[in-house]
Each structure stands twice: as structure tokens, then as C-alpha cells.
Amino acid sequence: MRNAVCDHPSYRSSIVRQLTQLTILDGERLKHMDTVYQEDLLSLGAAPRVEIPPSENWLAGFSWDAGRPDPDAALRPSLARFETAMQDARKVNQAALTLLSHYK
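(A) Structural context of the overall build of the protein. Secondary structure summary: the protein contains 3 helices and 2 strands in total. Along the protein, from the amino end to the carboxyl end, the secondary structure elements read α-β-β-α-α. Burial analysis of the protein (104 residues in total) assigns 10% to the buried set. Accessible surface, the protein: about 9900 Å² in total, of which carbon and sulfur atoms supply 59%.

(B) Main features of the nonpolar core. Within the largest apolar cluster, 5 residues are counted, these being Cys-6, Tyr-11, Val-16, Leu-25 and Leu-30. Apart from residues no more than four positions distant in its own chain, Cys-6 is found in contact with Tyr-11 and Asp-26.

(C) Structural detail: unusual backbone geometry. Backbone geometry places Asp-26, a non-glycine residue, at a positive phi of 55 degrees. With respect to the element layout, Asp-26 can be found in the loop between strand 1 (24-25) and strand 2 (28-29).

(D) Main features of the environment of Ser-10. Checked against the element boundaries, Ser-10 lands in the segment before helix 1 (11-18). The exposure class of Ser-10 is partly exposed, given its relative accessible area of 27%. Here His-8 takes part through its side chain, which lies 3.1 Å from a polar atom of the side chain of Ser-10.

Criteria and thresholds
The residue count restarts for each chain, going from 1 along the sequence in the order it is written. It should be noted that, the model being predicted, local features are given only for residues of pLDDT at least 70 and side-chain atom pairs only at 80 or more, the latter also being counted only at that level, while totals for whole chains, interfaces and linings use all residues. Side-chain calculation: all heavy atoms of the structure are included, whereas hydrogens and water are not. Per the convention used, a helix needs a DSSP run of H or I reaching at least four residues, while a strand needs a run of E reaching at least two, with both numbered from the N terminus. Each residue's exposure class comes from its accessible area (1.4 Å probe, protein chains only) as a fraction of the maximum for that residue type: buried when under 20%, exposed when over 50%, partly exposed otherwise. In short, Shrake-Rupley with a 1.4 Å probe defines the accessible areas, and a residue's cover is counted only from the protein chains shown. For the purposes of this section, nonpolar cores are sets of buried Ala, Val, Leu, Ile, Met, Phe, Trp, Tyr and Cys residues that join through side-chain atoms within 4.5 Å. What makes two residues a contact is simply this: any of their non-hydrogen atoms within 4.5 Å. Polar contacts, as counted here, are pairs of nitrogen or oxygen atoms within 3.5 Å of one another; within protein the pair requires one atom able to donate a hydrogen and one able to accept it, and residues that are adjacent in sequence qualify only if both atoms are side-chain atoms.

Printed below as a string of C-alpha cells:
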């Protein structure tokens, strides 16, 4: 698979102009500046300065849970019934242990 950017007519000259210390491009050794690309470089002038803006957090202020229903809301009534049943079971268990302790 080939990068389409490499097919652009000014690809090599743009890269050489912007990366002046580059010695190899696309696996080929670059010739000295006084040979192939010197005419292109002189005619184009200096490369424009590229300013890179400061990085930003893409997900700043984003919440994965925003707008979603609370998953525990559906479980709360069932949990309350379960806890009541557990309390009743503990009472019955304690009564059974007390009753059995009389027969030892």
C-alpha cells in the first residue's frame, strides 16, 4: 500500500526544504544541496514557519455517564426487599439456635 501524499508533485522538494538536515528520504540517499534540488529550493524561498497550537484534552468536560439513567436506581427497591428478607432470616436463625440450645 502506498501513501498518496508521496505521489504529490512537490512532495520531495517540500520535505527537503522543511527538513534541511535530512539525508535519506523514502529509502534513497539525498544528493548534496548543490545538485538536484538547489534550483527548486532557491525558487521557493524559505519554508513558512509552522506554529503548533498547545495540546488540548479532547474529552475535557465529557462524562461517559452524562445523560444515562442510574443503573442502581432499578435495583434499589429489590435491594431493600432483599435486606428486609435477610433481617427476617437472621431473626428466624437466632430463634432456631435458641430453641435448639434448650435440647442439648
